[in-house]
Amino acid sequence: MPKESNDENTDRGNWDNKADYLLSCIGYAVGLGNVWRFPYLAYENGGGAFIIPYVVMLVFAGLPIFFMEVALGQFSSLGPTAVWKFSPIFKGVGVCMVVLSAMVGIYYNVIIAYTVFYFFSSLTSLLPWESCKNWWNNATTCSAKFIPVCNINLTGVALTPDELQFVNFSNNSFIGGSMDFMDVLQVDAESFFVITSRNGSEYGCEKFIGRRQTSPSEEYWNFYALNKAPGIDTEYTGNVNSHLALSLLVAWIVVFYSLIKGVKSSGKVVYFTALFPYLVLLILLIRGATLEGAYDGVQYYIGVNSDLERLKDANVWKAAATQIFFSLSAAWGGLIALSSYNKFNNNCFYDAVLVCSVNCATSLFAGFAIFTVVGHMAHVLGKPVPDVVDSGFGLAFVAYPEAIAQLPVSPLWAILFFLMLFTLGLDSQFTILETVSTAIIDAYPRQLRSRRWQLMLVLSVVMFLLGLVCVTNTGIYWVDLIDHYAAGWGLLIVAVMELFGVCYIYGGNRFIEDIEMMIGKKHWAFWIFWRACWFFISPLLLTAILVWSLVTFKGKAYGSGESYPEWANAIGWLIIAFGIVFIPLFAIIAIIQKKGNIFKAASPSSDWGPYLKQHRGQRYANIDEPREAIEIAKAINDTKTPGAENPVYEDEENYGQTKM
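I will try to describe carefully the structure that is included in this document. (Residues numbered from 1 in each chain as written. Predicted model: local features only at pLDDT ≥ 70, side-chain atom pairs only at ≥ 80, totals over all residues. Heavy atoms only, no water.)

1. Regarding the overall build of the protein
So, point 1. Check the secondary structure of the protein and you find 27 helices and four strands.
So, point 2. By the compact-globule yardstick of 26 Å for 660 residues, the protein fits well, its C-alpha radius of gyration being 29 Å.
So, point 3. Considered along the principal axes of its C-alpha atoms, the protein spans approximately 110 × 50 × 50 Å.
So, point 4. The burial tally for the protein puts 56% of its 660 residues in the buried class. (Helix = DSSP H or I, 4+ residues; strand = E, 2+ residues; numbered from the N terminus. Rg over C-alpha atoms; globule rule 2.2 N^0.38 Å. Buried < 20%, exposed > 50% of the residue type's maximum accessible area, 1.4 Å probe, protein only.)

Here's what the structure looks like:
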């Protein structure tokens, strides 16, 4: 006897309960960028003033697309490629979503592998990045503290023999061209001033500034964790770093076993991976708030140092729009995939508002947890906050680890921090892989529906192998390159075409009627805002950002500003092209299939509508049975003996009448 299930859609399966779905969406939307990118963006773009454009872009760009995608997936019970039955000519947009998601999935798990490595490195009584006394440190450049220095210009100064002798014998400090000496140590400078009986300001040394070349955490990240090469050129590639490869393997094993049963298993894992980061952020915030210097950190984040004048800068609005759009993970296909496992009458509007609100609040909350601790580090090092704060990898694996090293019982805080980053990344990786697998299963339901775990294993192994290039000596450059191109403006093209396809080709009013079949009839005033956003505001905003991004787009460059080699940037462009090329390709295929009739190629297919018959009502009463349902029925007939308790659907017509 088959195992009893509460699934409404037995072909596809559903979430066991609403919490599984909501936590999966929150986990997907709330990722590493909320912790290591948003706080720095807010600080860099006016502090508290940045919240204004951020919320505006959330309301008029992020939320409308989020709502649209979850409604599409839930209405059709199909993934990001099959859902385009509503306009087959746009199917390439869905394929582009999946291709870009797969590319991101390759390098995103490498970032998770970094957190795995740092987590295990923290299981010690003394963090390995606390001092410069390790074999990988450069004794001449590494310093745990900032050293007071100043510049001294002796050009045109007639030195006495004693003064000249002091300069010559203090050559560790007095090094420079001609008589212009840079970064003279305070002890040597003060001794020189005593000898000359003059004030330092006479020589250009008005005050001493704390300076160092590299920190212990920076050298640990570059020289040990990454074994970082000087460039991306193939001559520097070297071997695969075994410690990172092993960490990557651990990350893929966790992802595979979490997704082995699809949403049935991942829906349970997210109770830990989605909620644990909030617990750690709260602990870090409470601990950070008690530290000296925390107040200064918050002031730089969204306090008195906020600059409302920055709202006049168009770049601030672009930064806000870009951050909210990518933070919500819209246009990746993941939201369509997750919502496709919902029951038909789930309130997807409520879900969209809740998840978007939580995502926005999490970004703000994470900023306080980050800047309180960074403010303390700045206090301990005697530096202003801007000199120690960073974003991205620099924040997660250099600045914040160094800040943690200043705390009592530092290994404990490091363990919590990197475990938090690990769980933050896992949620997003779950959905990325679920997006790819859902698209493939929708394409071949008869062959793969009952072989989900085998497909997941193949995907995990292939993506693990492809990711090995990202754990070589040049690996970090490949991670940056793929991120710069695959997760860039190509996604904006997808979003704009998605809005155009739904609102202007399929029909925005028809789409609203589809939504009301799920959540109930709404007053006409309810839809004024959504119509305005879907038809006009969101497309115009995203188009403006897209055009601006293209006009100001630059090839990937190293931190020093030097551009990547031409061949590397060419690969980056190929990455974008490989995803976007499917848009015109599938449009051509759709037109050919309709014998050159563009109108028919853009019109809904004969099996577009709610997956289950009981949800179709009068509007979709006469549609064909979904191709996926027919294929699954054939697969069942291939493996089971026909009988009274096991009906055989010998043709599409019979299946359409029997399926409920």
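After presenting the structure, the write-up continues.
2. Re the state of the cysteines
So, point 1. On inspection of all chains with the given rule, the structure shows one disulfide.
So, point 2. Note that cysteine 132 is cross-linked by a disulfide to cysteine 142, the S-S spacing being 2.0 Å. Taking the sign of the torsion about the S-S bond as the criterion, the disulfide between cysteine 132 and cysteine 142, at about -70°, is left-handed. Here cysteine 132, found in the loop between α5 (91–121) and β1 (147–153), pairs with cysteine 142, found in the loop between α5 and β1; they are ten residues apart in sequence, far enough to count as distant.
So, point 3. The exposure class of cysteine 132 is partly exposed, given its relative accessible area of 21%.
So, point 4. A relative accessible area of 11% means that cysteine 142 is categorised as buried.
So, point 5. Between cysteine 356, a free cysteine, and cysteine 360, which holds the nearest cysteine sulfur, the sulfur-to-sulfur gap is 9.2 Å. (Disulfide = S-S within 2.5 Å.)

3. Re the nonpolar core
So, point 1. By size, the foremost hydrophobic cluster in this structure holds 197 residues, and its most contacted members are Tyr114, Trp221 and Trp534.
So, point 2. Among the nonpolar cores identified, the runner-up in size contains 13 residues, and Ile152, Leu154, Val184 and Phe193 belong to it. (Core = buried A, V, L, I, M, F, W, Y, C linked by side-chain atoms within 4.5 Å.)

4. Here we look at the environment of asparagine 509
So, point 1. Tracing the backbone through its elements, the reader meets asparagine 509 in helix α21 (residues 490–519).
So, point 2. Remark: the alpha-carbon pair of asparagine 509 and alanine 19, spanning 490 residues in sequence, is separated by 30 Å.
So, point 3. Beyond its immediate stretch of four places on either side in the chain, asparagine 509 contacts Arg531 and Phe535. (Contact = heavy atoms within 4.5 Å.)

5. Section: the pattern of salt bridges
So, point 1. Taken as a whole and assessed by the stated rule, the structure comprises 17 salt bridges.
So, point 2. For aspartate 442, the salt bridge identified is with arginine 12, shortest N-O distance 2.9 Å. Taken together, the positions of aspartate 442 in helix α17 (residues 410–443) and arginine 12 in the segment before α1 (18–29) put the pair 430 residues apart, joining distant regions of the chain. Of the two residues, aspartate 442 and arginine 12, both sit in the buried class. (Salt bridge = Lys/Arg side-chain N within 4 Å of Asp/Glu carboxyl O.)

6. Side note on helix α8 (residues 216–225)
So, point 1. Most of α8 is tucked away: seven of the ten residues are buried.
So, point 2. All of the buried residues in α8 are Pro216, Ser217, Glu219, Tyr220, Trp221, Asn222 and Ala225.
So, point 3. Where the residues of α8 are buried, they touch α5, α9 (242–258), α16 (392–405) and α20 (475–486).
So, point 4. Asparagine 227 sits one or two residues past α8 and shows a positive phi near 50°.

7. Here's the deal with the packing of aromatic side chains
Working definition: an aromatic ring pair is given by the centre-to-centre distance plus the angle between the planes.
So, point 1. The final tally for this structure, using the stated rule, is 68 aromatic pairs.
So, point 2. Look at tyrosine 118 and tryptophan 129: their rings are 5.3 Å apart centre to centre, the planes differ by 40°, and that puts the pair in the tilted class. Taken together, the residues span a long stretch of sequence, with tyrosine 118 in helix α5 and tryptophan 129 in the loop between α5 and β1 at a distance of eleven residues.
So, point 3. Given a relative accessible area of 1%, tyrosine 118 falls into the buried group. (Phe/Tyr/Trp six-rings, centres within 6.5 Å; stacked < 30°, edge-to-face > 60°.)

8. Re the side chain of asparagine 473
So, point 1. Secondary-structure assignment places asparagine 473 in the loop between α19 (452–467) and α20.
So, point 2. At 3.1 Å, the side chain of asparagine 473 forms a polar contact with the side chain of asparagine 227.
So, point 3. If near-sequence neighbours (up to four positions away) are discounted, asparagine 473 is found in contact with Leu226, Asn227, Lys228, Ala229, Tyr236, Thr237, Gly238, Asn239 and Asn241. (Polar contact = N/O pair within 3.5 Å; in protein donor to acceptor, adjacent residues only side chain to side chain.)

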